[in-house]
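This is what each chain is made of:
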Amino acid sequence: MPVPLVEVTGTVWRSGAVSSTARTIPEEVAIAVTYGRTTHAVMMATPSDLEDFAVGFSLAEGIVATPDEITGIEPVANPLGIDLRIALADAQEGRFRDRRRAMAGPVGCGLCGLDSLKEVLRPAPRVADDGASIQAEALLAATRALPPLQPHNMRTRAMHAAAYWSPAEGIVAVREDIGRHNALDKLCGAMARRGGAMRAGAALVTSRASVDMVQKLAVAGCPVLVAVSAPTALAVATAEAAGITLVAIARSDGFEVFTHPGRIIFGSAARAAFATPGSIGSTSGYVV
């Protein structure tokens, strides 16, 4: 099986001087997600935590509703990459076959075929609102605590991470990958495999927030998404509709809340104000 990190040597030219160097960089492998004998998608990913990835991807795609509907996971390496073989229970296998028959040709990127527009713009399930809230300072502390918990990125400076944080336990799990979507799938899979619901905390991602990131967390039932970069307009609209609090542009001194700010408790010292309402639904920016 390929290793997630490799060592390479090279030549450095800086300030007019030439020298040799050794550097750790991430591996990038083609991973075919296969159900039965049918390849559903091929992803370029980091070859680590593949069982978590198999579960998280299957849940996000709606192939299964719970990890128990997966009866086996076997990563098989070959000269071209990794065949991630996922065995489904009989009922789920039949549902998967029906879905494949409704599509024209291989999925590949996950958005191809007759139903591609419906798939990418499918309504996200609405996250339950149990009235729970999160202190702004605690959420800020969580974002500050994440970088040291990314060992692969600390060595390569070339990998994304997704983490789950809860007010009661702090950062519970972290998964890394060259792809931000893959990292989030691995995180959701890891939480599902350990039986840990994501309904009481927040997912932290070291990337922008796009619509598919919001959709994945809506399926997982996670009420809060925190991203270090700005969101897309469609991500904001989808989070608004799904009842997800979308926090973005998270920096060491604060962040911006784009949807459902009621879950965030701002301290008396914080100066929070509604920004000028945008044109996306009823969404307003909330800055802390």
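Let me sum up the structure you'll find in this document. Treat the numbers as computed from the prediction; the structure is a model and nothing was measured. (Residues numbered from 1 in each chain as written. Predicted model: local features only at pLDDT ≥ 70, side-chain atom pairs only at ≥ 80, totals over all residues. Heavy atoms only, no water.)

The next subject is the overall build of the chain. When helices and strands are counted, the chain shows eight helices and 16 strands. When each of the 288 residues of the chain is scored for burial, the buried share is 47%. Across the chain, every contact between residues at least 6 apart in sequence was considered, and the portion connecting residues at least 24 apart equals 49%. (Helix = DSSP H or I, 4+ residues; strand = E, 2+ residues; numbered from the N terminus. Buried < 20%, exposed > 50% of the residue type's maximum accessible area, 1.4 Å probe, protein only. Contact = heavy atoms within 4.5 Å.)

Attention shifts here to empty space enclosed by the protein. For the coordinates displayed, the defined rule picks out two cavities of 30 Å³ or more. Here the largest cavity is characterised by a volume of approximately 90 Å³. As for the largest cavity, its lining consists of A128, D129, D130, A132, S133, I134, R199, A200, G201, P223, V224 and R263. Grouping the constituent residues of the lining of the largest cavity by class yields six nonpolar, two polar and four charged. (1 Å grid on protein atoms, 1.4 Å probe; cavity = no way out; pocket = protein on both sides within 12 Å on 5 of 7 lines; lining within 4 Å. Points joined across faces, edges and corners; volume = space filled by probe spheres on them. Nonpolar A, V, L, I, M, F, W, Y, C, P; charged D, E, K, R; others polar.)

Residues A202 and L204 line one face of strand β10 (residues 202-205) and the alternating positions A203 and V205 line the opposite face, and both faces are buried. Across four bridges, the pairing between strand β8 (residues 160-166) and β10 is antiparallel. Bridge pairing in β10 places W165 opposite A202. Handedness of the β10-helix α7 (residues 211-220)-strand β11 (residues 224-227) crossover: right-handed. (Pairing = 2+ DSSP bridges. Right-handed = clockwise from strand over helix to strand, strands pointing away.)

For the rest of this paragraph, the subject is helix α6 (residues 180-193). With 14 residues, α6 should reach 20 Å at 1.5 Å per residue; the first-to-last C-alpha distance of 20 Å fits that figure. Among the 14 residues that make up α6, eleven are buried, leaving the element largely enclosed by the rest of the structure. Taken together, the buried positions of α6 are occupied by R180, N182, A183, L184, D185, K186, L187, C188, G189, A190 and M191. Buried residues in α6 make contact with β4 (38-45), α1 (50-60), β8, β9 (170-177), β10 and α7. Looking one or two residues beyond α6, the residue adopting positive phi is G195, at roughly 75°. (Expected span 1.5 Å × (residues − 1).)

With that out of the way, let us pick up the side chain of E176. Mapped onto the secondary structure, E176 falls in strand β9. In this structure, E176 is buried with no salt-bridge partner, the nearest side chain bearing the opposite charge being R157 at 8.6 Å. At 2.8 Å, the side chain of E176 and the backbone nitrogen of N153 are in polar contact. Excluding anything up to four places from it in sequence, E176 contacts S48, Q150, P151, H152, N153, M159, H160, A161, A183 and K186. (Lys, Arg positive; Asp, Glu negative; His and termini not counted. Salt bridge = Lys/Arg side-chain N within 4 Å of Asp/Glu carboxyl O. Polar contact = N/O pair within 3.5 Å; in protein donor to acceptor, adjacent residues only side chain to side chain.)

Let us look at the environment of H40. Along the chain, H40 turns up in strand β4. Given the relative accessible area of 1%, H40 is considered buried. In this structure the C-alpha to C-alpha distance between H40 and F96, which are 56 residues apart in sequence, comes to 9.5 Å.

It is worth spelling out the sheet that holds strand β3 (residues 29-35) at this point. One open sheet accounts for four strands, arranged β4-β3-β6-β5; its pairing is mixed. In this open sheet, the two edge strands, each paired with only one partner strand, are β4 and β5 (70-78). Strand after strand, the sheet turns through a mean of 20° between neighbouring axes, direction not considered. With five bridges connecting them, β3 and strand β6 (residues 81-88) associate as parallel partners. Paired with Y35 across the bridge in β6 is I86. (Axes fitted to C-alpha atoms, helices over the stretch in contact; angles between N-to-C directions.)

With that settled, consider the state of the cysteines. This structure, assessed with the given rule, holds zero disulfides. You can see C188 has no disulfide; the closest cysteine sulfur is in C222, sitting 7.5 Å from it. (Disulfide = S-S within 2.5 Å.)

Here we take up the environment of A230. Structurally, A230 is set in the loop between β11 and α8 (233-242). For the pair A230 and R208, spaced 22 residues apart in sequence, the C-alpha separation works out to 5.3 Å. Non-local contacts of A230, meaning those with residues more than four positions away in its chain, are made with R208, A209, A248 and I249.

With that settled, consider the pattern of salt bridges. For the coordinates displayed, the defined rule picks out seven salt bridges. Residues R85 and D83 are paired through a salt bridge, measuring 3.0 Å at the closest nitrogen-oxygen approach. Bridged by salt links that share partners, the residues D49, D52, R175 and R193 form one connected network.

The next subject is the nonpolar core. Looking at soluble globular proteins, one finds that nonpolar side chains tend to be buried together. Counting 28 residues, the largest nonpolar core has L184, L187, M198, V205, L217, L225 and I244 as the members making the most contacts within it. At the level of elements, β8, α6, β10, α7, β11, α8 and β12 (245-251) are the ones that each hand at least two residues to this core. The element that contributes the greatest number of residues to this core is α6, accounting for five residues. In this view, L225 contacts A203, V205, A209, M213, V214, L217, I244, T245, L246 and V247; residues no more than four positions away in its chain are not counted. Judged by nonpolar contacts, the second largest core, of 21 residues, contains Y35, V64, I70 and L88. (Core = buried A, V, L, I, M, F, W, Y, C linked by side-chain atoms within 4.5 Å.)

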